[in-house]
Amino acid sequence: MKKKLTVVLLSVVILAISLPCSEARAAEGITWQRSDAGIEGGRVWALAIDPKNSSTLYVGTMEGGVFKSVNGGETWSAVNNNLPVTQILSLAIDPQEPDTLYAGALRGGVFKSINGGVSWNQASNGLPNSYVISLAIDPQMPSTLYAGIHIDVFKSDDGGENWSETNNLLTASSIFSLAIDPQTPSTLYAGTGGGGVFKSDDGGENWIAVNNGLTNLDVRVLTINPQSPSMLYAGTGGGVFKSDDGGENWSAVNNGLTNLGVRALTINPQSPSTLYAGTRGGGVFKSDDGGENWSAANSGLTDTNVSTLAIDPQTPSTLYAGTDGGKVFKGQRARSLFLPLISR
């Protein structure tokens, strides 16, 4: 009996190998589940994952401040000691010292923690009392960071202690997104509400608009291919646009993207041809070919108003979605081998 079972199993394996790719292939899908026990803060504006320990996560909420999980999102607790505001719009983690993190607030500027959120101090000297909707840290020199404040970008060279306004050539309202070239951090991009994309090649001293081919200028999010930084994506009110030349030219990549209100983008750092888009009302879409084609990835996602996405840098088959309804979902991408039925 044991010999016969071995022969049958071996035959199935051989058959699977010999089948055409269209008949036997590894099919991938994402399944989501709620992962927000302990979060009571309204809309989730920001998600951040510890780059060295991906079981540690933070969320910024509209009404409850900052929450932290140390077990991959299973449970959360508020970490708001000395944080005088509850409306947190943006988060950024120091890539080299991840116990250091920054929170951008609706009012009050930027707050800094050097102990993983246990306590906070204001780090806003030089900033106007306006909303900080985006934050970005220089990956090579983390004491340098940028904050998107209403219609301008501010820069700090001393870990947020002091800020100064960069050259005020950003002719748009709301700096929704900031993205830094990981290989050449003096190159950065700003995604704006109504003005499209601006680019600086000198650490924010000067900015120019780079919108050729970008037909929707309401840019809510930018993300850069970490392995090829001249390739970047913009999520807009008109879908996703892609540039292969550092923003000089853009083209729409929306095939299969049935909801064009894109508010979040994240890219697989190990396999950058895979990326995800979070939309308002349409949930999450994924692409495995650099944005050329998209398909919905909403199994288990019961709130499709997605406001932010974050991908696990160590295990990129896992990602997180925050929603307008104050929920956090954990998505995991599984492989399964499908074989045709075999008649006996």
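Remember, predicted model here, so these are calculated numbers, not experimental data.

With that settled, the discussion passes to the packing of aromatic side chains. Counted by the stated rule, this structure contains zero aromatic pairs. The ring of tryptophan 45 carries the charged tip of arginine 43 above its face, separated from the ring centre by 3.9 Å. The ring of phenylalanine 176 has arginine 220 sitting right over it, with the charged end atom 4.1 Å from the ring centre.

The next point concerns the side chain of serine 119. Tracing the backbone shows serine 119 in the loop between strand E8 (110-113) and strand E9 (121-122). Here serine 119 falls in the buried class, since its relative accessible area comes to 18%. At a separation of 2.9 Å, a polar atom in the side chain of serine 119 contacts the side chain of asparagine 115. Each residue touching serine 119, except ones within four places of it in the same chain, is listed here: Asn81, Asn82, Lys112 and Ser113.

What follows covers the confidence of the model for the chain. When pLDDT is averaged along the chain, the result is 88, and 87% of the positions lie at 70 or above. Below pLDDT 50 for its whole length, residues 1-27 participates in 25 contacts with residues either more than four positions away or in separate chains. Every residue in residues 336-344 is under pLDDT 50, and counting partners more than four places away or in other chains gives 20 contacts.

Core analysis: the largest hydrophobic core is formed by 15 residues, its most contacted members being Val66, Leu83, Ile88, Leu91 and Trp120. Only strand E2 (44-49), strand E6 (88-93) and strand E7 (101-105) provide two or more residues apiece to this core. Setting aside anything within four residues of it in sequence, one finds tryptophan 120 in contact with Val66, Val79, Asn80, Asn81, Asn82, Leu83, Leu101, Tyr102, Ala103, Phe111, Lys112 and Ser113.

What follows covers the sheet that holds strand E10 (residues 132-137). Here we have four strands laid out as an open sheet, ordered E10-E11-E12-E13, and antiparallel in their pairing. For this open sheet the edge positions go to E10 and strand E13 (164-165), each flanked by a neighbour on one side alone. For strand E12 (residues 152-156) and E13, the ladder comprises two bridges, and the chain directions are antiparallel. Within E13, the residue paired with phenylalanine 154 across the bridge is glutamate 165.

Positionally, serine 134 belongs in strand E10. Take serine 134: its relative accessible area is 4%, and that puts it in the buried class. The spacing of serine 134 and alanine 46 is 88 residues in sequence and 9.4 Å in space, taken between C-alpha atoms. A distance of 2.9 Å separates the side chain of serine 134 from the backbone oxygen of isoleucine 175, its partner in a polar contact.

Okay, the layout of surface pockets next. Taken as a whole, the largest pocket encloses approximately 1,700 Å³ of empty space. Residue lining of the largest pocket: 50 residues in total, with Leu47, Leu135, Leu178, Leu222 and Leu309 positioned closest to the centre. Listed by contribution, the elements that provide at least two residues to the lining of the largest pocket are E2, E6, E10, strand E14 (173-180), strand E18 (219-224), strand E22 (262-267) and strand E26 (306-311). Ranked by the residues each element gives to the lining of the largest pocket, the list is headed by E22, at six residues. A class-by-class count of the residues in the lining of the largest pocket yields 34 nonpolar, ten polar and six charged.

Quick look at the sheet that holds E2 now. An order of E2-E3-E4-E5 is seen for the four strands of this open sheet, with the pairing classed as antiparallel. In this open sheet, the two strands that pair with only one neighbour each are E2 and strand E5 (77-78). Where strand E4 (residues 66-69) and E5 come together, two bridges link them in antiparallel fashion. Directly across from phenylalanine 67, in E5, lies its bridge partner alanine 78.

Analysis parameters
- Residues numbered from 1 in each chain as written.
- Predicted model: local features only at pLDDT ≥ 70, side-chain atom pairs only at ≥ 80, totals over all residues.
- Heavy atoms only, no water.
- Phe/Tyr/Trp six-rings, centres within 6.5 Å; stacked < 30°, edge-to-face > 60°.
- Lys NZ or Arg CZ within 6 Å of the ring centre and 35° of its normal.
- Helix = DSSP H or I, 4+ residues; strand = E, 2+ residues; numbered from the N terminus.
- Buried < 20%, exposed > 50% of the residue type's maximum accessible area, 1.4 Å probe, protein only.
- Polar contact = N/O pair within 3.5 Å; in protein donor to acceptor, adjacent residues only side chain to side chain.
- Contact = heavy atoms within 4.5 Å.
- pLDDT = per-residue confidence, 0-100.
- Core = buried A, V, L, I, M, F, W, Y, C linked by side-chain atoms within 4.5 Å.
- Pairing = 2+ DSSP bridges.
- 1 Å grid on protein atoms, 1.4 Å probe; cavity = no way out; pocket = protein on both sides within 12 Å on 5 of 7 lines; lining within 4 Å.
- Points joined across faces, edges and corners; volume = space filled by probe spheres on them.
- Nonpolar A, V, L, I, M, F, W, Y, C, P; charged D, E, K, R; others polar.

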